[in-house]
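Summary of structural features
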Amino acid sequence: MDQSALSIATIRSLGIDMINKANSGHPGMVLGSAPALYTLFKKELKVYPNESQWFNRDRFILASGHASALLYSLLHLSGYDLTMDDLKSFRQWKSRTPGHPEINLTDGVDASSGPLGQGIPTGVGMAIAEKYLSALYNKNDFDIVNHYTYILCGDGDMQEGVTYEATSLAGHLSLGKLIVLYDANKVTLDGPLDMSFSENIKKRYEAINWQVIEVQDGNDINAISKAIKKGKKELYKPTLIIVNTVIGYGAPKQGTNAVHGSPLGNDDGKIAKTSYGFDHEEFYVPEEVYDDFKKNVFRRGKREYTKWNKLLKSYQKQYPNEYKELMSAIQGEYHLDYDEFIKDYQINDKEATRATSEKVINLVAKQNKTYLSGTADLASSTKTTIYDTHRFGIDDYSGRNLFFGIREFAMVCIMNGMTLHKGIKVSAGGFLVFSDYFKAGLRMAGLMNLPIILPLSHDSIAVGEDGPTHQPVEQLAMMRSMVNVQVLRPADAYELCACWKIAVETQDKPTALVLTRQDVPVITKANYEDVCKGAYVVSYEDNECDGILIASGSEVSLALEAKKELKTQGKDVRVVSMPSMELFDIQDEEYKNKILPKSIRKRLGIEMATDFGWHKYVGLDGKVLSVNQFGASAPANIIIKEYGFTKENVVKLYLSL
């Protein structure tokens, strides 16, 4: 058996053993794609396991994350911090080898993956980041940013709509350093692929400006190697390499869905190993295999890493400012100083928070060189344009305005990839109601601790004439319910600036900024420290507090109007602005009781959205003025009145407590 055959047999056998020991996992793609990934790692992938976060490494995403045993085997053999004991703990409690790859658990994993469809868009984001940073910082003889993004996907990824959204954009942007290996085994969990899918993938991808190369035999490592090299030579098109494989190769039930998501078991596992000519005990790795990876993956990576560091030192001497900017960006050091900016706003000035947001976006861009802003085809409505730059695209990849097209799901997944790449802070806007489209991508951002920013406008029934299809009702509650996602709904320009500062300087979670279409008055003169706590008293009672009005966003001004009217009726109330439930919830009990004293049980919540989640703050004795139905098509002022968001109705509801 030659060296390559032995190494591939070892990879396959480790996969079988890991899944059998866990009695859980997906051997099909592990066995089918082992030759393709072995070829990529051995021949082309530029990584250095001793410095797994090296900035100029090639990125690799296992889009089909259920084949994680394949990736873990390769990482272990390549010399990453992943031991044999880790492989033996596959899918177990507190193990570093979870069922699907997770960046925070496993050394060498560049993206958490598993929800099919999201891996390729994430890779598109990495390729965009590489394009932008190389255009901005590379100089003659100084290719500081110069690497490829590789992805392994399967038939399931090709069926997900978000994959097409992202690959269409990648072709349009001519992302030549993006190479996708497509394991075309023609089997899904339910059975043969042709039960549900009969597209000509080759023609589809050629139609969207991709180079497509087909490898007829997934075991032909020479053909796979040639295809990857050809992909790297194509500068103006991303490359799709269709690798025709046999799912569960070597197992008695190869080629069927029976080997997709169930362990082979000891008997069938042994038969498969025998077919590879590999007759050893479980978890055995011949020394020649370790040597194979050390001579190729490890040594190539060390050589490239050393060469890049020397280049970087010379770059630092010749371009100290650019060096400092890039290093700061890689570390995620982004800031916003808005003190001078906010002085332009006075009490009772009126401006939609989406309009204020656009001004702040330009301030962020001015203060942070590697901040980019984008939109899902709604720049004029969501107000996301950076003024003094141009569109990111084939004409100039240093442009800072990203046009994702009407692709909300892909937009967020691409933002995740850009952020994973590091060196970039990105925000992108859309209508709040369409957060439904990208929720799954936002969930992955929360899981991966990615500080993307989503300025989402048209935040309520005040959208008006566009009607209930465009008027969000339940979306606020949906996003607030998500783990590790912070949702900020500012009341006016002052709160908006503080919310943007929070978003820009956050490093471990995504932020949704919920913005109005309609003008709102400046009412708060809020400071950053108050807004950071999630809720604060915007107007105290004059003497003894009779009750509390709690509101967010545009409804804070309504609460203040109602307070004045209640005062004329002998009711002395406190008004609390709550721009962020999440931030308020993490404050200590002393602060929370200071803002919402437990002794004051007369509480009215006010928000133009579903009341889901509000009863935590108003209590069993309180009420919520909310929208627990769909909106309607009419001018905004009519809808707001008809749905009860008037001073008179707030007073009436409060007096009914």
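Everything discussed here concerns the structure shown above.
Okay, so let's go over this structure.

1. Description of the environment of Gln367
Here Gln367 is to be found in helix H14 (residues 353-367). Assessed through its relative accessible area of 34%, Gln367 is described here as partly exposed. C-alpha separation for the pair Gln367 and Leu336, spaced 31 residues apart in sequence, amounts to 6.9 Å. Setting aside residues no more than four positions away along its own chain, Gln367 makes contact with His335, Leu336 and Asp337.

2. Quick notes on the sheet that holds strand S17 (residues 547-551)
On the basis of which strands lie adjacent, the open sheet formed by 5 strands has the order S16-S18-S17-S19-S20 and mixed pairing. Only two strands of the sheet have a single neighbouring strand rather than two, namely strand S16 (536-539) and strand S20 (623-625). Each strand of the sheet is rotated relative to its neighbour by a mean of 30 degrees, with strand direction disregarded. The pairing of S17 with strand S19 (residues 603-606) spans 4 bridges and is classified as parallel.

3. Description of a positive patch on the surface
A contiguous patch of positive charge on the surface is contributed by Lys294, Lys295, Arg299 and Lys302. Within the secondary structure, Lys294 is located in helix H11 (residues 287-318).

4. A look at the packing of aromatic side chains
In this structure the tally under the stated criterion is 21 aromatic pairs. Between Phe341 and Tyr345 the ring centres are 5.9 Å apart and the planes differ by 55 degrees, which places this aromatic pair in the tilted class. A residue is classified by how much of its surface remains accessible, and Tyr345, at 7% relative accessible area, is buried. Among the aromatic residues, ring-to-ring pairing joins Tyr48, Trp54, Phe298, Tyr305 and Trp308 into one connected group. One residue, Lys533, lies across the ring of Tyr591, its end atom 5.6 Å from the ring centre.

5. Some thoughts on the sheet that holds strand S9 (residues 371-375)
Here 6 strands make up an open sheet; going across it, the order is S10-S9-S11-S12-S14-S13 and the pairing parallel. Every interior strand has two partners, whereas the edge strands, strand S10 (401-403) and strand S13 (486-488), have only one. Taking each pair of neighbouring strands and ignoring which way they run, the sheet shows an average axis angle of 20 degrees. In this structure, strand S12 (residues 453-457) lies alongside strand S14 (residues 511-514), joined through 4 bridges in parallel fashion. By the bridge assignment for S14, Pro455 is matched with Leu513. Those strands touched by helix H16 (residues 408-421) are S9, S10, strand S11 (425-431) and S12, and its axis lies near 170 degrees from that of S11.

6. A short note on the packing of helix H1 (residues 3-22) against helix H2 (residues 27-44)
Two elements in contact, H1 and H2, have axes whose closest approach is 9 Å; the angle formed by their N-to-C orientations is 140 degrees. It follows that H1 is oblique to H2 by the angle criterion. Every pair of crossing elements has a handedness; the one defined by H1 and H2 is right-handed. Mapping the contact onto sequence places Gln3, Ser4, Ser7, Ile8, Ile11, Arg12, Gly15, Ile16 and Ile19 in H1 and Pro27, Val30, Leu31, Gly32, Ala34, Pro35, Tyr38 and Lys42 in H2. Class assignment of the residues belonging to the contact of H1 with H2 gives a composition of 10 nonpolar, 5 polar and 2 charged.

7. Describing the pairing of S12
Burial analysis of S12 places 5 of its 5 residues in the buried class, the great majority of the element. Residues Ile453, Pro455 and Ser457 of S12 are buried on one face, and the alternating residues Leu454 and Leu456, pointing to the opposite face, are buried as well. Across 3 bridges, S11 lies against S12 in parallel orientation. Within S12, the residue paired with Gly430 across the bridge is Leu456. After leaving S11, the chain enters helix H17 (residues 435-447) and then returns to the sheet as S12, a path that is right-handed.

8. A closer look at the side chain of Arg489
Locating Arg489 in the fold gives a position in the loop between S13 and helix H19 (493-505). Residue classification places Arg489 among the buried positions, given a relative accessible area of 0%. Reaching out from Arg489, the side chain makes a polar contact with the side chain of Glu555 at a distance of 2.6 Å. Those residues within four positions of Arg489 in sequence are excluded, and the remaining contacts are Asp459, Ser460, Leu476, Glu495, Val514, Ser552, Gly553, Ser554, Glu555, Pro579 and Glu607.

Calculation criteria
- For every chain, the first residue of the written sequence is number 1, and numbering continues from 1 onward in sequence order.
- In view of the model being predicted, local features appear only for residues whose pLDDT reaches at least 70, and side-chain atom pairs are presented and counted only at 80 or more, with totals across whole chains, interfaces and linings using the full set of residues.
- With hydrogens and water set aside, each side-chain value is computed from the structure's full complement of heavy atoms.
- Secondary structure is summarised from DSSP: a helix means a run of H or I of at least four residues, a strand means a run of E of at least two, and numbering begins at the N terminus for each.
- Note on classification: 1.4 Å probe, protein chains only; a residue is buried when its accessible area is under 20% of the maximum for its type, exposed when over 50%, partly exposed between these limits.
- Two residues form a contact once any of their heavy atoms are found within 4.5 Å.
- Two strands qualify as a pair provided DSSP detects at least 2 bridges between them.
- Every axis in this analysis is a line fitted to C-alpha atoms, fitted for helices over the stretch in contact. Angles between the N-to-C directions lie between 0 and 180 degrees.
- Within the patch definition used here, like charges are joined within 9 Å and nonpolar side chains (Val, Leu, Ile, Met, Phe, Trp, Tyr) within 5 Å, considering only residues with over 30% relative accessible area and no salt bridge.
- Accessible areas in this description were obtained via Shrake-Rupley with a 1.4 Å probe; residue shielding takes into account the shown protein chains only.
- By definition, a salt bridge exists where a carboxyl oxygen of Asp or Glu is found within 4 Å of a side-chain nitrogen of Lys or Arg.
- Charge counting follows a simple rule: Lys and Arg are positive, Asp and Glu are negative, and His as well as the terminal groups are ignored.
- Taken as the charge location is NZ of Lys, CZ of Arg, CG of Asp or CD of Glu.
- Each Phe, Tyr or Trp ring, with Trp reduced to its six-membered ring, pairs with another whose centre is within 6.5 Å; inter-plane angles below 30 degrees give stacked pairs, above 60 give edge-to-face pairs, and intermediate values give tilted ones.
- Here, a charge over a ring means that NZ of Lys or CZ of Arg falls within 6 Å of the ring centre while also lying within 35 degrees of the ring normal.
- Each angle is binned into one of four classes, with values under 35 degrees roughly parallel, values over 145 roughly antiparallel, values of 65 to 115 roughly perpendicular, and all other values oblique.
- Here a crossing is taken to be left-handed if its near helix is turned anticlockwise relative to the far helix by less than a right angle, and right-handed if that turn runs clockwise.
- Classification used: nonpolar for Ala, Val, Leu, Ile, Met, Phe, Trp, Tyr, Cys and Pro, charged for Asp, Glu, Lys and Arg, polar for all others including Gly.
- Every crossover in which the path from the first strand over the helix to the second runs clockwise, viewed with the strands pointing away from the viewer, is termed right-handed.
- We call two N or O atoms a polar contact when they sit within 3.5 Å, provided that within protein one can donate a hydrogen and the other can accept it, with sequence-adjacent residues counted only if both atoms are side-chain atoms.

Spatial relationships are all this shows, so hold off on functional conclusions.
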